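Chain and residue survey
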Amino acid sequence: MPAPAVRPDARSFRELFLSGVPLLDVRAPVEFDRGAFPTAVNIPLMNDQEREQVGLRYKEEGQQAAIALGTRLVSGDIKRGRIQAWADFARANPQGYLYCFRGGLRSQITQQWLKEEAGIDYPRVAGGYKAMRTYLADAIRAAAALPGHLILGGLTGSGKTDVLRDVDNAVDLERHANHRGSGFGKRVTPQPSQIDFEHRVAIDLLHKQARGWQTVVLEDESRLIGVNALPLELLQTIQTAPLVWLDAGLDERIERILREYVVDLRAEFAARHADAGDVLFAQRLQDSLTAISRRLGGERYARLMTLMRAALARQLETGDCDAHRAWIRVLLAEYYDPMYARHQQEKAGRIVFRGDAGAVANYLREQAARNRIGS
């Protein structure tokens, strides 16, 4: 029986990201934590301490001395354990690829050891992490430069995220940032690193383009979504592209905020933290209000906190959420709505359509269909 053909090293980054193949990242954990790719698993050639020692030796004595030190540090049982972990990954993910920072020495060593010690030919990504990251950054810039994108705006709680879910060419930036976007938008789970956020957005844009969507719908965001900053090119698009405005009444918005920021958030905390969930949930709501206290002013902040604490006490004691509507109503009517009204007035010349959720979703779908390649 002939031996299976050896797959070549990957050079098409677009196909890598569109296919979603598993990636074996052999960089050190500290590098991986700063930024990686959604399908990557970190099984490093050297851990952080080993990498630091080798880096110092490289600066002091050059490459050969650094390689010699690395060979001594990663030897014996340590080497066998890492090769076994790589081999397990390769056998479980036969269509995957491995990479290091630049596609150089670390990935070459990993390839060599896998071949020599485990009999596995496993391809690497040419150019490594740095080349893939550059490709994704360029993809964002290229996508943002295309004409025809639309921006979805609306008051807090108007349901913009719900509309985005109904539009095939929408890119949900808040989902990629794992944050709801407002001062109360922090989720139970942490946000991605800045680099991981950018990678998620870029890969989403690539998928939209692969399905023929050359123009996309983005929510009207500020520079920051929680701790994640929008890439400059996307921010400029959001600030200049035509705006579609979603209208929703105050009572409707109160009910949506009650569901998402109170009922659903409490359930998320309970699911993740069990018995401590209620305490953490209550603290999160109060911390979110405190974070905007200076902008609220002392009297209004004190009034809202009193209402919030009373609502929390009632909810946690009886399960009744009705009292939360009081502070939500004040927060919208006295703080968020006046702020958004000023922003809407400044952007009035960019508004090309406005309506309720159904009308806005239909308009966005119609515009997308006109610009879709092959339509």
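Residues numbered from 1 in each chain as written. Predicted model: local features only at pLDDT ≥ 70, side-chain atom pairs only at ≥ 80, totals over all residues. Heavy atoms only, no water.

Let us now look at the overall build of the protein chain. If you tally the helices and strands in the protein chain, you get 17 helices and 10 strands. Expressed along its principal axes, the backbone C-alpha trace of the protein chain runs to roughly 70 × 55 × 45 Å. Within the protein chain, the fraction of its 375 residues that count as buried is 47%. Working note: accessible area of the protein chain is about 18400 Å², and carbon and sulfur atoms make up 52% of it. Taken as two groups, the 51 positive and 47 negative side-chain charges of the protein chain have centres that lie 4 Å from each other. (Helix = DSSP H or I, 4+ residues; strand = E, 2+ residues; numbered from the N terminus. Buried < 20%, exposed > 50% of the residue type's maximum accessible area, 1.4 Å probe, protein only. Areas by Shrake-Rupley, 256 points an atom, 1.4 Å probe, with all protein chains shown as cover. Lys, Arg positive; Asp, Glu negative; His and termini not counted. Charge placed at Lys NZ, Arg CZ, Asp CG, Glu CD.)

Below, the discussion takes up the pairing of strand β9 (residues 243–246). Residues L243 and W245 line one face of β9 and the alternating positions V244 and L246 line the opposite face, and both faces are buried. Relative to strand β10 (residues 351–355), β9 runs parallel, the two sharing four bridges. Its bridge partner being in β10, V244 is matched across the sheet by F353. (Pairing = 2+ DSSP bridges.)

This next bit is on the UniProt feature "active site" (unreviewed entry) in the protein chain. Those places that UniProt annotates as "active site" (unreviewed entry) correspond, in this numbering, to C100. Inspection of the secondary structure assignment puts C100 in the loop between β3 (97–99) and α6 (105–118). A relative accessible area of 2% places C100 in the buried class. (UniProt positions renumbered as here; feature names shortened; annotations may be inferred.)

Per the UniProt entry, the sites bearing "domain: Rhodanese" (unreviewed entry) are residues 17–141 in this numbering. Taken end to end, residues 17–141 is 63% helix and 7% strand, and its two terminal C-alpha atoms sit 17 Å from one another.

Attention now goes to the nonpolar core. Core analysis: the biggest nonpolar cluster contains 41 residues, and L23, F37, Y99 and L173 have the highest contact counts within it. Broken down by secondary-structure element, the contributors of at least two residues to this core are α1 (13–19), β3, α7 (128–145), α9 (173–177), α10 (194–210), α11 (232–240) and β9. At seven residues, the largest contribution of residues to this core is made by α7. Counting only domains with at least three residues in this core, you end up with domain 1 (13–133) and domain 2 (147–374). By size, the runner-up hydrophobic cluster in this structure holds 29 residues, among which are L258, L285, M305 and Y335. (Core = buried A, V, L, I, M, F, W, Y, C linked by side-chain atoms within 4.5 Å. Domains from an automatic or database assignment.)

This part takes up the pattern of salt bridges. For the structure on display, the rule yields 30 salt bridges. Where D121 meets K115, a salt bridge forms, and the shortest distance between an N and an O atom there is 3.0 Å. With relative accessibility at 39%, the residue D121 sits in the partly exposed group. Residue classification places K115 among the partly exposed positions, given a relative accessible area of 43%. Two residues, K208 and D204, come together in a salt bridge whose shortest N-O distance is 2.5 Å. (Salt bridge = Lys/Arg side-chain N within 4 Å of Asp/Glu carboxyl O.)

Our next topic: the sheet that holds strand β1 (residues 23–25). An order of β2-β1-β3 is seen for the three strands of this open sheet, with the pairing classed as parallel. Looking at the sheet topology across the chains shown, the edges are occupied by β2 (40–42) and β3. Here the strands of the sheet are splayed against their neighbours by 25° on average, with no regard to which way each runs. Relative to β2, β1 runs parallel, the two sharing three bridges. Along β2, the bridge assignment pairs L24 with V41. (Axes fitted to C-alpha atoms, helices over the stretch in contact; angles between N-to-C directions.)

The next thing to look at is the packing of aromatic side chains. Per the stated rule, a full pass over the model turns up 11 aromatic pairs. Seen from their ring centres, F13 and Y135 are 5.8 Å apart, and the 65° between their planes marks the pair as edge-to-face. A residue pair is termed long-range when its members are at least 10 positions apart, and F13 in helix α1 and Y135 in helix α7 qualify at 122 residues. By relative accessible area, which is 13% here, F13 ends up buried. The partly exposed category is assigned to Y135, whose relative accessible area is 25%. One aromatic cluster in this structure is built from F13, F17, F37, Y99, F101, Y129 and Y135. When the ring centre of Y129 is taken as reference, the NZ or CZ atom of R27 above it lies at 4.0 Å. Here the guanidinium or amino end of R180 rests over the ring plane of Y261, the centre of that ring lying 5.3 Å away. (Phe/Tyr/Trp six-rings, centres within 6.5 Å; stacked < 30°, edge-to-face > 60°. Lys NZ or Arg CZ within 6 Å of the ring centre and 35° of its normal.)

Moving on to the environment of R91. Relative to the assigned elements, R91 resides in helix α5 (residues 76–92). On the basis of relative accessibility, which here comes to 52%, the residue R91 falls in the exposed class. Along the sequence, R91 and N228 sit 137 residues apart, while their C-alpha atoms lie 36 Å from each other.

Moving on to the environment of K59. Structurally, K59 can be placed in helix α3 (residues 48–61). Distance from K59 to L296, taken between C-alpha atoms, is 53 Å for residues 237 residues apart in sequence.

Moving on: the domain arrangement of the protein chain. Frequently, the measure chosen for interface size is the accessible area that the parts lose on association. Its domain assignment divides the protein chain into domain 1 (13–133) and domain 2 (147–374). Just the C-alpha atoms count here: the centres of domain 1 and domain 2 sit 39 Å apart. Opposite the 11 residues of domain 1 that make contact, domain 2 presents nine residues. It is F17, L18 and R133 in domain 1 that bury the most area against domain 2; as a group they hold 49% of the surface buried on that side. Viewed at the interface, domain 2 and domain 1 are joined by one salt bridge. The tally of links between domain 1 and domain 2 comes to five residue pairs in polar contact (both at pLDDT 80 or more). Broken down by secondary-structure element, the contributors of at least two residues to the side of domain 1 that touches domain 2 are α1, α2 (29–34) and α7. With three residues, α1 is the single largest residue contributor to the side of domain 1 that touches domain 2. Looking at the side of domain 1 that touches domain 2 residue by residue, the class counts come to six nonpolar, one polar and four charged. (Contact = heavy atoms within 4.5 Å. Buried area = accessible area lost by both parts, 1.4 Å probe. Polar contact = N/O pair within 3.5 Å; in protein donor to acceptor, adjacent residues only side chain to side chain. Nonpolar A, V, L, I, M, F, W, Y, C, P; charged D, E, K, R; others polar.)

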